[in-house]
Amino acid sequence: DSLGHGLRTCYWYLNQTSRSFAAVIQALDGELRHAVCIFYLVLRALDTIEDDMTISLDVKVPMLHEFHSYLYQPEWKYMESKEKDRQVLEDFPTISMEFRNLSKVYQDVISDICHKMGVGMAEFLEKKVDSQHEWDRYCHYVAGLVGIGLSRLFSASELEDPIVGQDTELANSMGLFLQKTNIIRDYLEDQMEGREFWPREVWSRYAKKLSDLAKPENIDMAVQCLNELITNALHHVPDVLTYLSRLKNQSVFNFCAIPQVMAIATLAACYNNKQVFRGVVKIRKGQAVTLMMDATNIQAVKAIMYQYVEEIYQKIPSTDPSSNKTQQVIASIRAMSLPSGPMASRHHYSPIYLSCAMLLAALSWQYLSTISKATEEYVQAGEN
């Protein structure tokens, strides 16, 4: 109730466009909460332009390059989008106004990341991801920069030490681990929508075309390709653990840790799983809530990482071409995440009030997910 109309509207948009992040963003402390909310909405608007296939390249590329400048143009908005999150473009003046109300230290971070991301998105509009190096580069533009920007916001708020914002390599790994997990899991959905994000350098060893991996006769090769990409993504886990070990503020730790444990659980579910090429592989709602409840300190997160890499290890086929590499990366993760006590004791580390707070966040997340889905279905029904 203490928020002005513009900020209230921004938080409403946040809850409409982000199912999983809305609760943890709103649990952040102090002015950092508003900065991250606006940062999210600005990037959501930028992403909506990138995703909109109805915008021609000669219009889209300049828009992506110039998008950061729209933050300082009070009247700028875009009314032609057909994407489901188009409201953040149609009411961009409200978002940009709240951006300009932030402290300059936050504005500078958000504008800089927005500029770099727009340039990177434009670069990959006109080319496909070929090498594994380019895969890392693409993921840097769309997710690593988010990790870097958030880290700089954490440090700017003084809730975290300067090193958190300065160590861009670790912050980049935080984003890459999440983005690679999404790309791996969303193979079939991306294929159905005409998008290709798996690196050619990897999939070309298993099929002539990326779409061939979805054919039943190619399932064995498809799963081997999947396992190689999961092994690639697991290389970011040591950086993730180092990054999380530096965080001091509880709300920032929860915000950063929860998506990472969701990602490792998702990779464990996808590893050696033919279902990735047949439908959707998702972690269960109850499993997600348990992870949100547990991931409240570094020892607990290490125990969770240990649990899921062990699950992957148990599923490594002896005939898999990547089996040795998978075992090696799991060994390095084990060395960093060996639990100091029984895994069941991870609840012991967090005070009861914190568990209650995270339960509330989890329930809010479930509620928002349900409401958002219902709203989305209603809108789609109206459009049809």
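Before reading further, recall that the structure is shown in the block above.
These figures come from a predicted structure and were not determined experimentally.

Trainee: What am I meant to see in helix α6 (residues 92-101) here?
Mentor: An α-helical turn contains 3.6 residues, so a residue and the one three or four places further along point in the same direction. The set of residues buried in α6 consists of Phe-92, Thr-94, Ile-95, Ser-96, Glu-98 and Phe-99. Where α6 is buried, its residues meet α1 (5-17), α3 (30-51), α4 (57-70), α5 (87-90) and α7 (104-125).

Trainee: What should I look at first to understand the nonpolar core in this one?
Mentor: Taken as a class, soluble globular proteins show a tendency for nonpolar side chains to be buried jointly. Ranked by internal contacts, the top residues of the largest apolar core, which has 124 residues, are Phe-67, Trp-198, Leu-213, Leu-234, Tyr-243, Leu-244 and Phe-277. Ranked by the residues each element gives to this core, the list is headed by helix α15 (residues 250-270), at 14 residues. In terms of domain composition, this core takes at least three residues from each of domain 1 (1-127) and domain 2 (128-342). Sequence-distant contacts of Phe-67, defined by excluding residues within four places in its chain, comprise Val-42, Ala-45, Leu-46, Ile-49, Trp-76, Leu-89, Phe-92 and Cys-114.

Trainee: What am I meant to see in the packing of α1 against α3 here?
Mentor: Packed helices, taken two at a time, are described by the angle their axes make and the gap between the axes. Remark: α1 packs on α3, axes separated minimally by 10 Å, with the N-to-C direction vectors making an angle of 60°. Relative to α3, α1 is oriented oblique. Like other packed secondary-structure pairs, α1 and α3 cross with a definite hand, here left-handed. Each of Leu-7, Cys-10, Tyr-11, Tyr-13, Leu-14 and Thr-17 in α1 lies in contact with α3, whose residues at this interface are Arg-33, His-34, Cys-37, Ile-38, Tyr-40, Leu-41 and Arg-44. Here the contact of α1 with α3 is composed, by residue class, of nine nonpolar, two polar and two charged.

Trainee: It is not clear to me how the packing of aromatic side chains should be interpreted in this structure. Could you clarify?
Mentor: In this structure the tally under the stated criterion is 14 aromatic pairs. On the basis of an interplanar angle of 10° and a centroid distance of 4.1 Å, the ring pair of Tyr-70 and Trp-76 is categorised as stacked. Taken together, the ring pairs in this structure connect Phe-67, Tyr-70, Trp-76 and Phe-92 into an aromatic cluster. Positioned above the aromatic ring of Phe-124 is the side chain of Lys-127, whose terminal nitrogen or guanidinium carbon lies 4.8 Å from the ring centre. Its guanidinium or amino end placed over the ring of Tyr-313, Arg-334 lies 4.3 Å from that ring's centre, counting from NZ or CZ.

Trainee: Help me understand unusual backbone geometry in this model?
Mentor: The general pattern is negative phi for most residues beyond glycine and trans for most peptide bonds. You will see that Glu-158, though not glycine, has its phi angle at about 70°, which is positive. With respect to the secondary-structure elements, Glu-158 resides in the loop between α8 (132-156) and α9 (162-166). By relative accessible area, Glu-158 is classed as exposed at 70%. In the Ramachandran plot, Asn-272 falls in the positive-phi region, its phi being about 55° despite a non-glycine side chain. Note that Asn-272 resides in the loop between α15 and α16 (285-294).

Trainee: What's the story with the pattern of salt bridges in this structure? I'm lost.
Mentor: Pairing of side chains with opposite charge becomes possible as their charged atoms draw close. Evaluated as defined, the whole model comprises 21 salt bridges. The partner of Arg-44 in a salt bridge is Asp-85, with the nearest N and O atoms 3.7 Å apart. Taken together, the residues span a long stretch of sequence, with Arg-44 in helix α3 and Asp-85 in the loop between α4 and α5 at a distance of 41 residues. The salt bridge involving Lys-127 is made with Glu-134; its shortest N-O contact spans 3.7 Å. Look at Lys-127 and you get partly exposed, because its relative accessible area is 31%. A single salt-bridge network, built from bridges that share partners, covers Arg-44, Asp-47, Lys-84 and Asp-85.

So, how was this worked out
- Residues numbered from 1 in each chain as written.
- Predicted model: local features only at pLDDT ≥ 70, side-chain atom pairs only at ≥ 80, totals over all residues.
- Heavy atoms only, no water.
- Buried < 20%, exposed > 50% of the residue type's maximum accessible area, 1.4 Å probe, protein only.
- Helix = DSSP H or I, 4+ residues; strand = E, 2+ residues; numbered from the N terminus.
- Contact = heavy atoms within 4.5 Å.
- Core = buried A, V, L, I, M, F, W, Y, C linked by side-chain atoms within 4.5 Å.
- Domains from an automatic or database assignment.
- Axes fitted to C-alpha atoms, helices over the stretch in contact; angles between N-to-C directions.
- Parallel < 35°, antiparallel > 145°, perpendicular 65-115°, else oblique.
- Left-handed = near helix turned anticlockwise from the far one by under 90°.
- Nonpolar A, V, L, I, M, F, W, Y, C, P; charged D, E, K, R; others polar.
- Phe/Tyr/Trp six-rings, centres within 6.5 Å; stacked < 30°, edge-to-face > 60°.
- Lys NZ or Arg CZ within 6 Å of the ring centre and 35° of its normal.
- Salt bridge = Lys/Arg side-chain N within 4 Å of Asp/Glu carboxyl O.

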